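Structure assessment
For reference, the chains in residue letters:
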Amino acid sequence: MSRLTALADHGQSVWVDLLSREFVSSGRLADLVAHHGVTGLTSNPAIFQAAISGSDAYDVQLAEVLATGVDDRAAFFALAIDDVQAACDVMRPVFDATAGNDGFVSLEVDPGLAHDTEGTARQAADLAERVARPNLMVKIPATIEGLPAIEESIARGISINVTLIFSLERYAAVLEAYIRGLERLVEAGGNPASLRSVASFFISRVDTEADRRLERVDHSELAGQLGIANAKLAYRHFVEVSEGARWQALAAQGAAPQRPLWASTSTKNPAYRDTMYVEELVGPQTVNTMPIETIDAFEDHGVVRGTTVSEGWDEADALFAAIARADVDIADVTQLLEDEGVKKFADAFDALLAVIGDRRRELSPA
């Protein structure tokens, strides 16, 4: 039996963090769904940049799109929407079998809109309309400016994957935006059961930055723990909110919880077990989105001990206190990571547009 499918016994969904035309057309995605328990797919600008720049599978369509006179940004979204639609169609049986709880494919808004509330909300609605698949999730970054766009999109009935969450404080604000959006949807006569949302909480990048600072202050004994502790305390908040009267009122009307999604789950430090960010964060109403390397590693030697995400909450609190005593500012760590995350995706998107610009010049008459 696939080790990954054992995660479903504890209420966790496995999504793959990869999208390319070849990945879908070759049947690799369908195989992961059929034989490895994969029930969703995520993408981001860096993934698309690697896919389009490293393959000639897009050349024919790109030539056709560029011939219409659109700019490079519009050309990219034409390519991406085709890929997302194809992936959505592969995942549609999962979506139907789970009554719309799984089987989603994520497409991110333009990273250049990360600090533009109105632009983000407008593009989220546009992408949802153009993809026209019920199992699409539009990805919106959890910046300060992104929060109102998340609320507005939920209020419009659009399924949203909130990305680039690093801090507990921002996670709480994301969950609040989801609830407010649902309340507005209900007040307007909408059906909250028609959408889903996940909150993508990044894990390994937290350890990478915190470990660097802990080593600098000679407290490496605390290294390699903050990413998991941070996620466990986020899950604790999720449970507390789920038990509250405000959420229960929405649930009674058919609303589904905004599941925590563990992102950045490949280990960056070779000294760490390569499946640790899967094994230590297993639990109900969660998603773990893994790159192919982590999926392969877990299938080879991953261990499912039980519902680990609910273990060690007190120890996580104690770790936060110990790191603070070591003069490492966790809030500064997470803000830096958010800023870097926004920039990395924007840089990848710019590089992608440069590739499309180069292809345009190659295809143009001399």
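What this report covers is the structure whose coordinates are included nearby.

Here is what the cut-offs are and how they apply
- Residues numbered from 1 in each chain as written.
- Predicted model: local features only at pLDDT ≥ 70, side-chain atom pairs only at ≥ 80, totals over all residues.
- Heavy atoms only, no water.
- Helix = DSSP H or I, 4+ residues; strand = E, 2+ residues; numbered from the N terminus.
- Rg over C-alpha atoms; globule rule 2.2 N^0.38 Å.
- Buried < 20%, exposed > 50% of the residue type's maximum accessible area, 1.4 Å probe, protein only.
- Contact = heavy atoms within 4.5 Å.
- Areas by Shrake-Rupley, 256 points an atom, 1.4 Å probe, with all protein chains shown as cover.
- Lys, Arg positive; Asp, Glu negative; His and termini not counted.
- Charge placed at Lys NZ, Arg CZ, Asp CG, Glu CD.
- Phe/Tyr/Trp six-rings, centres within 6.5 Å; stacked < 30°, edge-to-face > 60°.
- Core = buried A, V, L, I, M, F, W, Y, C linked by side-chain atoms within 4.5 Å.
- Salt bridge = Lys/Arg side-chain N within 4 Å of Asp/Glu carboxyl O.
- Pairing = 2+ DSSP bridges.
- Axes fitted to C-alpha atoms, helices over the stretch in contact; angles between N-to-C directions.
- Parallel < 35°, antiparallel > 145°, perpendicular 65-115°, else oblique.
- Left-handed = near helix turned anticlockwise from the far one by under 90°.

Looking only at helices and strands, one finds 16 helices and eight strands in the protein. Taken over the C-alpha trace, the protein has a radius of gyration of 20 Å; the compact-globule value for 366 residues is 21 Å, and the two agree within 12%. Projected onto its principal axes, the C-alpha coordinates of the protein cover approximately 65 × 50 × 45 Å. For the protein, buried positions account for 54% of its 366 residues. Residue pairs at least 24 apart in sequence account for 79% of intrachain contacts in the protein once pairs closer than 6 positions are excluded. For the protein, the exposed area adds up to about 14700 Å²; of that, 51% sits on carbon and sulfur atoms. One way to put it: in the protein the 31 positive side-chain charges average out to a point 2 Å from where the 56 negative ones average out.

Moving on to the packing of aromatic side chains. Aromatic ring pairs are reported here in terms of the distance separating the ring centres and the angle at which the planes meet. Taken as a whole and assessed by the stated rule, the structure comprises 10 aromatic pairs. Both rings, one in phenylalanine 76 and one in phenylalanine 349, keep their centres 5.3 Å apart while their planes meet at 90°; by these two values the pair is edge-to-face. Placement of phenylalanine 76 in helix α6 (residues 72-97) and of phenylalanine 349 in helix α16 (residues 330-363) is noted, with a sequence separation of 273 residues between them. Under the relative-accessibility criterion, phenylalanine 76 is labelled buried at 3%. Judged by relative accessible area, which is 2%, phenylalanine 349 ranks as buried. Pairing phenylalanine 95 with phenylalanine 104 gives two aromatic rings, centres 5.5 Å apart and planes at 90°, and the pair type is edge-to-face. By the burial criterion, phenylalanine 95 is buried, and phenylalanine 104 matches it. A network of ring pairs unites the aromatic residues Phe48, Phe76, Phe77 and Phe349 as a single cluster.

Grouped together as the largest cluster of nonpolar side chains are 83 residues, with contacts concentrated most on Val16, Phe76, Val84, Leu107 and Leu182. Sorting elements by how many residues they give to this core places α6 first, with 12 residues. Among residues more than four places away in sequence, those in contact with valine 16 are Phe23, Leu29, Leu32, Val38, Gly40, Leu41, Thr42, Thr289, Met290, Ile292 and Ile295. With 31 residues, the next largest nonpolar core counts Leu164, Leu214, Leu319 and Val342 among its residues.

The next thing to look at is unusual backbone geometry. Positive phi outside glycine occurs at leucine 164, with the angle close to 60°. Relative to the helices and strands, leucine 164 is located in strand β5 (residues 160-165). Relative accessible area serves as the criterion here: at 2%, leucine 164 is assigned to the buried category. In the Ramachandran plot, aspartate 327 falls in the positive-phi region, its phi being about 65° despite a non-glycine side chain. Position of aspartate 327 among the secondary structure elements: in the loop between α15 (313-325) and α16. The exposure class of aspartate 327 is exposed, given its relative accessible area of 68%.

Moving on, we come to the pattern of salt bridges. Taken as a whole and judged by the stated rule, the model has 26 salt bridges. With a closest N to O distance of 2.7 Å, arginine 21 and aspartate 83 form a salt bridge. Separated by 62 residues along the polypeptide, arginine 21 in helix α2 (residues 21-25) and aspartate 83 in helix α6 bring together distant segments of the chain. Under the relative-accessibility criterion, aspartate 83 is labelled buried at 3%. Linked by salt bridges that have partners in common, Glu151, Glu152, Arg156, Glu176, Arg180, Glu183, Arg184 and Arg246 make up one network.

Glancing now at the pairing of strand β7 (residues 259-263). The side chains of a regular strand alternate between both faces of the sheet. With five of five residues buried, β7 lies mostly within the body of the structure. Bridge count between strand β6 (residues 197-202) and β7: five bridges; the pairing is parallel. The residue of β7 that forms the bridge with alanine 199 is proline 260. Both β7 and strand β8 (residues 286-290) contribute to a ladder of two bridges, which runs parallel. Directly across from tryptophan 262, in β8, lies its bridge partner asparagine 288.

Moving on: the side chain of arginine 170. Tracing the chain through its elements places arginine 170 in helix α9 (residues 168-187). In contact with arginine 170, not counting residues within four places along its chain, are Ala142, Thr143, Ile144, Leu147, Ile165, Gln335 and Glu338.

Two elements in contact, α9 and helix α11 (residues 226-242), have axes separated by 10 Å at closest approach and are oriented at 30°. In terms of their interaxial angle, α9 and α11 are classed as roughly parallel. Remark: the crossing between α9 and α11 carries right-handed chirality. Contacts between α9 and α11 involve Leu168, Tyr171, Ala172, Leu175 and Ile179 from the first element and Asn230, Leu233, Ala234, His237, Phe238 and Val241 from the second.

Take the environment of aspartate 9 next. Tracing the sequence through the fold places aspartate 9 in the loop between α1 (5-8) and β1 (12-17). Classification of aspartate 9 as exposed rests on a relative accessible area of 63%. Distance from aspartate 9 to glutamine 61, taken between C-alpha atoms, is 42 Å for residues 52 residues apart in sequence.

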